[in-house]
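# Tertiary structure, described
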Amino acid sequence: MTNLDHFNRITATVLSKCFERFPVPCSFSYKEFYPEECGQDELGDDFNIVFKHTMLWLRDYGYIDCWEPSLECEVFDNVSLTEKSLNILNKTPESLEEKVSLGQKLCSVVKSGVKGASNEIIKMIFVQGYTNIIT
């Protein structure tokens, strides 16, 4: 798996869990995504680093809000959707065959464990976020 695959997997899980629980904040730990015996992939990338930078990117670009992470950035507490991401996840794009919001579709895909499908939903979410910025 590439770092982008890990990023999409983490992002899909974080956004779907926050959407389902909104407005109640969530906590996310590195260990939820990667068991202890799984510290690196075949490329030598440290999964904790990918998790940390994914969470910080989501926060820095306004998709989530959270308390400052633990010193090691292994735990992010009080994570919730921002207004921007809530608006995006509540949209129902014309391209979806079934008329459900992006958030509902993301939750469904994450629960079903369909590989690759969450990547497409994440792309749609980020396109919506980018479109909202420039318009």
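The sections below set out a description of the structure shown in this document. Remember, predicted model here, so these are calculated numbers, not experimental data.

Glancing now at the overall build of the chain. For the chain, the helix and strand inventory stands at 6 helices and 3 strands. When the accessible surface of the chain is summed, it comes to about 7,700 Å², and 54% of that surface belongs to carbon and sulfur atoms.

The next thing to look at is the packing of aromatic side chains. Under the defined criterion, the tally for this structure stands at 7 aromatic pairs. On the numbers, 5.7 Å between centres and 80° between planes, the contact of Phe51 with Phe76 is edge-to-face. Of the two residues, Phe51 is situated in helix 3 (residues 47–60) and Phe76 in strand 3 (residues 75–81); the sequence distance between them amounts to 25 residues. Residue Phe51 shares its accessibility class with Phe76, and that shared class is buried. Among the aromatic side chains, those forming a connected cluster through ring pairs are Phe28, Tyr30, Phe33, Phe51 and Phe76.

Turning next to the environment of Val75. Its location among the elements puts Val75 in strand 3. Given the relative accessible area of 31%, Val75 is considered partly exposed. Taking C-alpha positions, Val75 is 9.7 Å from Phe51, a pair spaced 24 residues apart along the chain. When residues no more than four places from it in sequence are discounted, the contact partners of Val75 are Phe28, Ser29, Pro69 and Ser70.

Residue Phe22 is joined to Pro23 through a cis peptide bond whose omega torsion reads 5°. Mapped onto the fold, Pro23 is located in the loop between helix 1 (3–21) and strand 1 (26–29). Of note in the backbone geometry, Asn78 takes a positive phi value of approximately 55° without being a glycine. Turning to its location among the elements, Asn78 is positioned in strand 3. By relative accessible area, which is 27% here, Asn78 ends up partly exposed.

Attention shifts here to the sheet that holds strand 1. Strands sit in the order 1-3-2 across an open sheet of 3 strands; the sheet is antiparallel. Both outer strands of the open sheet, strand 1 and strand 2 (64–65), are each paired with one neighbouring strand and no more. With 3 bridges joining them, strand 1 and strand 3 adopt antiparallel strand pairing. Directly across from Phe28, in strand 3, lies its bridge partner Phe76. Helix 1 contacts strand 1, strand 2 and strand 3 of the sheet and is inclined by roughly 160° relative to strand 1. Sitting on the sheet, helix 3 touches strand 1, strand 2 and strand 3, and the angle it makes with strand 3 is about 30°.

Another aspect to go through is the nonpolar core. Side chains that are nonpolar tend, in soluble globular proteins, to be buried together. With 36 residues, the main nonpolar core has Val14, Phe28, Met55, Val79 and Ile125 as its most contacted residues. Mapped by element, the contributors of at least two residues to this core are helix 1, strand 1, helix 2 (30–33), helix 3, strand 3, helix 4 (83–89), helix 5 (102–112) and helix 6 (117–134). A per-element tally of this core places helix 1 first, with 7 residues. Filtering out sequence-adjacent residues up to four positions away, Val79 remains in contact with Val14, Cys18, Pro25, Cys26, Phe28, Met55, Ile64, Asp65 and Cys66.

Cut-off values and rules
- Residues numbered from 1 in each chain as written.
- Predicted model: local features only at pLDDT ≥ 70, side-chain atom pairs only at ≥ 80, totals over all residues.
- Heavy atoms only, no water.
- Helix = DSSP H or I, 4+ residues; strand = E, 2+ residues; numbered from the N terminus.
- Areas by Shrake-Rupley, 256 points an atom, 1.4 Å probe, with all protein chains shown as cover.
- Phe/Tyr/Trp six-rings, centres within 6.5 Å; stacked < 30°, edge-to-face > 60°.
- Buried < 20%, exposed > 50% of the residue type's maximum accessible area, 1.4 Å probe, protein only.
- Contact = heavy atoms within 4.5 Å.
- Pairing = 2+ DSSP bridges.
- Axes fitted to C-alpha atoms, helices over the stretch in contact; angles between N-to-C directions.
- Core = buried A, V, L, I, M, F, W, Y, C linked by side-chain atoms within 4.5 Å.

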